[in-house]
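Structure assessment
Each chain is listed here by its residues.
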Amino acid sequence: MLANDTRCPCGTGLTYGECCRRFHAGQPAPSAEALMRSRFTAFVTGNAEYLRSTWHPSRRPERLDLDADLVWQRLEVLGTTGTPFDATATVEFIAHFRDADERGTLHENSEFVRERGRWFYVRALS
């Protein structure tokens, strides 16, 4: 778990306590981008429970085992579609990581859906 005064890994420039902590504690993310950022932070901290709970039930894995050797380092949000009031949105991002052997990136355009006031990750579009 991150300390509240630690800079949030999601890249907003805020502290964890000002940023993603509230979403990890149960407050709904107000936008697909905020959910994407909080999911990245959950990968950084190894919070598989949060990742599963924010995955759309139609595609949610029964179990999620995170790779302990994979270290997520930085997130760049390249663009978004939709607004907090729409039912669907996308977030294009690049996530930087390293493991024991290499450094790399994950470039993804993710689909999100809002149901009953909550955003959910659906799937990678690319």
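Residues numbered from 1 in each chain as written. Predicted model: local features only at pLDDT ≥ 70, side-chain atom pairs only at ≥ 80, totals over all residues. Heavy atoms only, no water.

Quick notes on a negative patch on the surface
Taken together, the side chains of Asp67, Asp69, Asp101 and Glu102 make up a negatively charged region of the molecular surface. Inspection of the secondary structure puts Asp101 in the loop between strand 2 (88–98) and strand 3 (103–115). Judged by its relative accessible area of 74%, Asp101 falls in the exposed class. (Patch = residues over 30% accessible without salt bridge, like charges linked within 9 Å, V, L, I, M, F, W, Y side chains within 5 Å. Areas by Shrake-Rupley, 256 points an atom, 1.4 Å probe, with all protein chains shown as cover. Salt bridge = Lys/Arg side-chain N within 4 Å of Asp/Glu carboxyl O. Lys, Arg positive; Asp, Glu negative; His and termini not counted. Charge placed at Lys NZ, Arg CZ, Asp CG, Glu CD. Helix = DSSP H or I, 4+ residues; strand = E, 2+ residues; numbered from the N terminus. Buried < 20%, exposed > 50% of the residue type's maximum accessible area, 1.4 Å probe, protein only.)

Structural notes on the nonpolar core
With 21 residues, the main nonpolar core has Met36 and Phe112 as its most contacted residues. Every element with two or more residues in this core is listed here: helix 2 (32–45), helix 3 (48–53), strand 1 (71–81), strand 2 and strand 4 (118–124). Tallying contributions element by element places helix 2 first for this core, with 6 residues. If we skip the residues at most four places from it in the chain, Met36 touches Leu75, Val91, Phe93, Ser110 and Phe112. (Core = buried A, V, L, I, M, F, W, Y, C linked by side-chain atoms within 4.5 Å. Contact = heavy atoms within 4.5 Å.)

Regarding the packing of aromatic side chains
All chains considered together, the criterion is met by 5 aromatic pairs. A ring pair is formed by Trp72 and Phe97, whose centres lie 5.4 Å apart and whose planes are at 65°; its orientation type is edge-to-face. Of this pair, Trp72 sits in strand 1 while Phe97 is found in strand 2, placing the two residues 25 residues apart along the sequence. Classification of Trp72 by relative accessible area gives buried; the value is 16%. By relative accessible area, Phe97 is classed as buried at 15%. Feature note: the residues Phe40, Phe43, Trp72 and Phe97 constitute an aromatic cluster, connected by ring pairs. When the ring centre of Trp55 is taken as origin, the NZ or CZ atom of Arg39, which lies over that ring, is 5.1 Å away. (Phe/Tyr/Trp six-rings, centres within 6.5 Å; stacked < 30°, edge-to-face > 60°. Lys NZ or Arg CZ within 6 Å of the ring centre and 35° of its normal.)

Some thoughts on the UniProt feature "domain: YchJ-like middle NTF2-like" (unreviewed entry) in the protein chain
Under the local residue numbering, the UniProt record ascribes the feature "domain: YchJ-like middle NTF2-like" (unreviewed entry) to residues 31–123. With 22% helix and 44% strand, residues 31–123 has its two end C-alpha atoms placed 16 Å apart. (UniProt positions renumbered as here; feature names shortened; annotations may be inferred.)

So, helix 2
For helix 2, spanning 14 residues, the distance from its first C-alpha to its last is 20 Å, which sits close to the expected 20 Å at 1.5 Å a residue. Within the sequence span of helix 2, burial applies to Ala32, Ala34, Leu35, Met36, Arg37, Ser38, Arg39, Phe40, Thr41 and Ala42. Looking at the buried positions of helix 2, the neighbouring elements they touch are helix 1 (21–24), helix 3, strand 1, strand 2, strand 3 and strand 4. In the segment just after helix 2, Gly46 is the residue with positive phi, at about 75°. (Expected span 1.5 Å × (residues − 1).)

Points about the pattern of salt bridges
Evaluated as defined, the whole model comprises 4 salt bridges. Notably, a salt bridge pairs Arg37 with Glu33, separated by 3.0 Å at the nearest N-O pair. A residue pair is termed a helical-turn pair when its members lie 3 or 4 positions apart in one helix, as Arg37 and Glu33 do in helix 2 at 4 residues. Assessed through its relative accessible area of 27%, Glu33 is described here as partly exposed. Its salt-bridge partner being Glu111, residue Arg123 comes within 2.6 Å of it at the nearest N-O pair.

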